[in-house]
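Coordinate inspection notes
The chain contents come next:
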Amino acid sequence: LQQVQILKLDLTDLRQVEQVAAQLERLPALHILVNNAGVATQFPHKLTQNGIETTFQANYLGHFLLTTRLLPLLQSSSPSRLVHLTSGAHRGAPVAGVPLSLEGINDKDAMGPYARYGAAKLANLIFSQEIDRRLGHLGVYSNAVHPGVVATEMLRLDNFEAMLGSFLGALAFQAAQLRNRLFAYGAQEAALNLLFCAAAPEVEVRTVHGKLIVPIATEHPPRHAQAFNEEFAIRLWEFSEKLITESLAKTKPWAVFVATCWLSAFRIKYLFPYTVDLILIGFILAWVVSVGAAVYARFRIPEPTWYTYLCFTLGLAVVTGPLCGHWIFSSLMQHYYRVGDLKVLSGVDVSNAQGDSMLDAGIVEFAKGNYLDEMRAWHFKHHVTYCVAPVVTNRTLGPVSGCNPRGTILSRI
Ligand SMILES: NC(=O)c1ccc[n+]([C@@H]2O[C@H](COP(=O)([O-])OP(=O)(O)OC[C@H]3O[C@@H](n4cnc5c(N)ncnc54)[C@H](OP(=O)(O)O)[C@@H]3O)[C@@H](O)[C@H]2O)c1
């Protein structure tokens with residue numbers, strides 16, 4: 001058990017999915033991936049931070065991103081297994097299958113709760129079959145599992161209440177609990193289905209892959225026409241990739257702006273100016289690549305708008321980020337860092353201190369008995385050197401209190 005490592009992952013945050021995938025990609029091998037997480041249709045209807053309806057992203061799109069990122073590793077580790085948790089509810093998806101547009105996915109009124117959950121689970125099933133078509137012959141075996149009706153935490157009270165109001169919601173929740181107690185599989189029994197797909201030799205020996213598995217460990221034909229439509233499976237895959245690219249692209253220019261601004265504004269710029277310049281040139285080169293992609297897309301891709309948008313916003317970020325950073329650095333931070341690099345002088349007594357030895361001091365701490373003579377503010381000035389208010393001491397006498405004839409206590413600008 002010491003070998004178990006836990007990574008936190010919220011499937012409704014595609015950036016987090018990317019990060020977890022990047023961590024898993026570093027594993028020397030990956031033999032089994034089980035995409036188990038899922039939610040019932042979410043009420044009220046809400047979009048994730050990526051702007052995609054939550055039920056669809058949590059049940060399907062997050063898994064799609066994680067899985068496609070890990071396919072090369074699964075392939076290099078073959079024989080390997082993939083298990084996708086679908087549901088018998090896939091048959092309740094709209095007749096046309098999964099909507100292949102963001103507007104269709106996000107449309108609040110286009111699907112009822114059952115159809116919405118069904119569409120996400122149909123997507124899981126079709127995705128599983130398509131992986132098997134693409135990689136099954138290379139030893140990456142993919143199956144989809146309907147675990148049956150299982151007595152778990154899936155049907156949550158707050159979801160019922162959001163859907164039906166507090167009274168009816170609580171009633172429907174109790175009815176669902178009763179149904180679970182009377183008829184549902186226990187979680188351990190239901191897990192046999194996915195264990196079969198993940199570990200049983202039959203998957204390879206009897207070529208049980210690219211299938212829908214139902215309780216208990218039994219093949220069953222899908223119950224939606226689109227699950228037999230191979231052309232639809234390819235379109236769903238392409239749509240999913242496009243949706244992810246577009247969703248992540250929305251935040252990329254902003255991230256570039258923040259990164260370039262930060263690099264040009266703060267201590268790293270002060271300490272390693274040439275390295276920062278090189279990194280900024282790297283960002284500019286990335287933008288040039290995006291210009292190339294946008295031009296290419298104009299001629300070769302039916303919907304090139306996103307590439308143009310990305311190129312434009314990236315260009316804006318690459319220009320404004322360093323400009324803002326430079327302004328912050330030169331007007332605020334550089335001076336601060338320079339002063340920080342200067343000497344700190346402690347216990348300075350103006351009655352005997354020598355000004356020349358203090359010109360490289362950044363911070364001067366005066367000895368007890370020295371104080372600011374605000375009555376003499378602005379009175380001492382010598383070319384570009386002046387005291388805003390002279391520091392004096394009661395023991396000091398002379399024409400300019402606190403400053404000996406050579407101007408002991410100085411602020412320089
Ligand atoms: N129960 C059934 O009758 C039934 C029937 C057919 C299919 N299924 C499918 O079986 C799978 C397992 O469901 P279950 O019955 O075990 O339900 P569950 O008890 O509610 O467990 C669902 C799991 O998914 C995780 N999850 C939910 N949203 C997530 C997100 N955004 N990111 C990461 N993880 C998330 C949950 O984590 P947290 O606890 O941290 O939220 C939880 O561990 C699901 O895919 C479900 O669709 C269940």
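Residues numbered from 1 in each chain as written. Predicted model: local features only at pLDDT ≥ 70, side-chain atom pairs only at ≥ 80, totals over all residues. Heavy atoms only, no water.

**Comments concerning the overall build of the protein**
Secondary structure summary: the protein contains twelve helices and twelve strands in total. Relative to the compact-globule value of 22 Å for 413 residues, the protein shows a C-alpha radius of gyration of 33 Å, a clear excess of over 25%. Overall, the C-alpha framework of the protein stretches about 105 × 55 × 45 Å when taken along its three principal axes. For the protein, buried positions account for 43% of its 413 residues. Pairs at least 24 residues apart make up 68% of the contacts formed inside the protein by residues separated by at least 6 positions. Carbon together with sulfur atoms contributes 62% to the accessible area of the protein, which is approximately 23000 Å² in total. (Helix = DSSP H or I, 4+ residues; strand = E, 2+ residues; numbered from the N terminus. Rg over C-alpha atoms; globule rule 2.2 N^0.38 Å. Buried < 20%, exposed > 50% of the residue type's maximum accessible area, 1.4 Å probe, protein only. Contact = heavy atoms within 4.5 Å. Areas by Shrake-Rupley, 256 points an atom, 1.4 Å probe, with all protein chains shown as cover.)

**Some thoughts on the site of the ligand**
Close to the ligand lie 22 residues; L11, N36, Y117, V150 and T152 are nearest. Contacts to the ligand include K121, whose side-chain N or O atom sits 2.9 Å from an oxygen atom. Starting from 880 Å² of accessible surface for the ligand in isolation, the protein chains cover 71%. Considering only residue class, the shell around the ligand consists of ten nonpolar, eight polar and four charged. (Near = heavy atom within 4 Å. Polar contact = N/O pair within 3.5 Å; in protein donor to acceptor, adjacent residues only side chain to side chain. Nonpolar A, V, L, I, M, F, W, Y, C, P; charged D, E, K, R; others polar.)

**Quick word on unusual backbone geometry**
As a rule of thumb, non-glycine residues mostly have phi less than zero, and peptide bonds are mostly trans rather than cis. Residue P79 is reached from S78 by a cis peptide bond, and omega for that bond is 5°. Inspection of the secondary structure assignment puts P79 in the loop between α2 (54-76) and β2 (80-85). Phi is positive for T207, close to 45°, though the residue is something other than glycine. Looking at the secondary structure, you find T207 in the loop between α8 (202-205) and β4 (212-214). Backbone geometry places A217, a non-glycine residue, at a positive phi of 55°. In this fold, A217 is placed in the loop between β4 and β5 (218-220). With a relative accessible area of 29%, A217 lands in the partly exposed category.

**Points about the domain arrangement of the protein**
Under the domain assignment used here, the protein contains domain 1 (14-150 + 185-228), domain 2 (247-341) and domain 3 (343-412). Just the C-alpha atoms count here: the centres of domain 1 and domain 2 sit 37 Å apart. Across the contact, five residues belong to domain 1 and five residues belong to domain 2. Buried surface at the junction of domain 1 and domain 2, summed over both partners, amounts to about 450 Å²; 51% is from carbon and sulfur atoms. At the surface where domain 1 touches domain 2, the tally comes to one residue pair in polar contact (both at pLDDT 80 or more). (Domains from an automatic or database assignment. Buried area = accessible area lost by both parts, 1.4 Å probe.)

**Examining the environment of A170**
Tracing the backbone shows A170 in helix α6 (residues 166-183). With a relative accessible area of 28%, A170 lands in the partly exposed category. For the pair formed by A170 and V344, sequence separation is 174 residues and the distance between their alpha carbons is 69 Å. Excluding its chain neighbours within four sequence positions, the residues that come into contact with A170 are L157, E161 and G165.

**Comments concerning helix α4 (residues 113-135)**
Within an α-helix, residues lying three or four positions from one another point in the same direction, as the helix has 3.6 residues per turn. Its 23 residues place the ends of α4 33 Å apart at the C-alpha level, agreeing with the 33 Å of an ideal helix rising 1.5 Å per residue. Extensive coverage of α4 is indicated by the burial of 19 of its 23 residues. (Expected span 1.5 Å × (residues − 1).)

**Topic: the pattern of salt bridges**
A complete count under the given rule lists nine salt bridges for this structure. The residue R69 makes a salt bridge to E18 at a minimum N-O spacing of 3.8 Å. Note that R69 is positioned in helix α2 and E18 in helix α1 (residues 14-25), a separation of 51 residues in sequence. The partly exposed category is assigned to R69, whose relative accessible area is 26%. The partner of R235 in a salt bridge is E231, with the nearest N and O atoms 3.9 Å apart. (Salt bridge = Lys/Arg side-chain N within 4 Å of Asp/Glu carboxyl O.)

**Quick word on the environment of L73**
By the secondary structure assignment, L73 is in helix α2. Spatially, the C-alpha atom of L73 lies 9.0 Å from that of R26, the residues being 47 residues apart in sequence.

**A closer look at the packing of aromatic side chains**
Summed over all chains, the structure comprises ten aromatic pairs. Between the aromatic rings of Y270 and Y337, the centroid separation amounts to 5.4 Å while the plane-to-plane angle is 35°, which identifies the pairing as tilted. Placement of the pair is Y270 in helix α10 (residues 267-271) and Y337 in helix α12 (residues 305-341), with a sequence separation of 67 residues. A residue is classified by how much of its surface remains accessible, and Y337, at 6% relative accessible area, is buried. Its guanidinium or amino end placed over the ring of W237, R134 lies 3.8 Å from that ring's centre, counting from NZ or CZ. (Phe/Tyr/Trp six-rings, centres within 6.5 Å; stacked < 30°, edge-to-face > 60°. Lys NZ or Arg CZ within 6 Å of the ring centre and 35° of its normal.)

**Notes on the sheet that holds β4**
What the five strands build is an open sheet, ordered β1-β2-β3-β4-β5; its pairing is mixed. On the outer flanks of this sheet lie β1 (32-35) and β5, each paired with one strand and no other. Between one strand and the next, the sheet's axes are offset by a mean angle of 30°, whatever the strand orientation. Here strand β3 (residues 140-145) pairs with β4 via two bridges, running parallel. Each residue of the ladder has a partner; that of A144, found in β4, is L212. (Pairing = 2+ DSSP bridges. Axes fitted to C-alpha atoms, helices over the stretch in contact; angles between N-to-C directions.)

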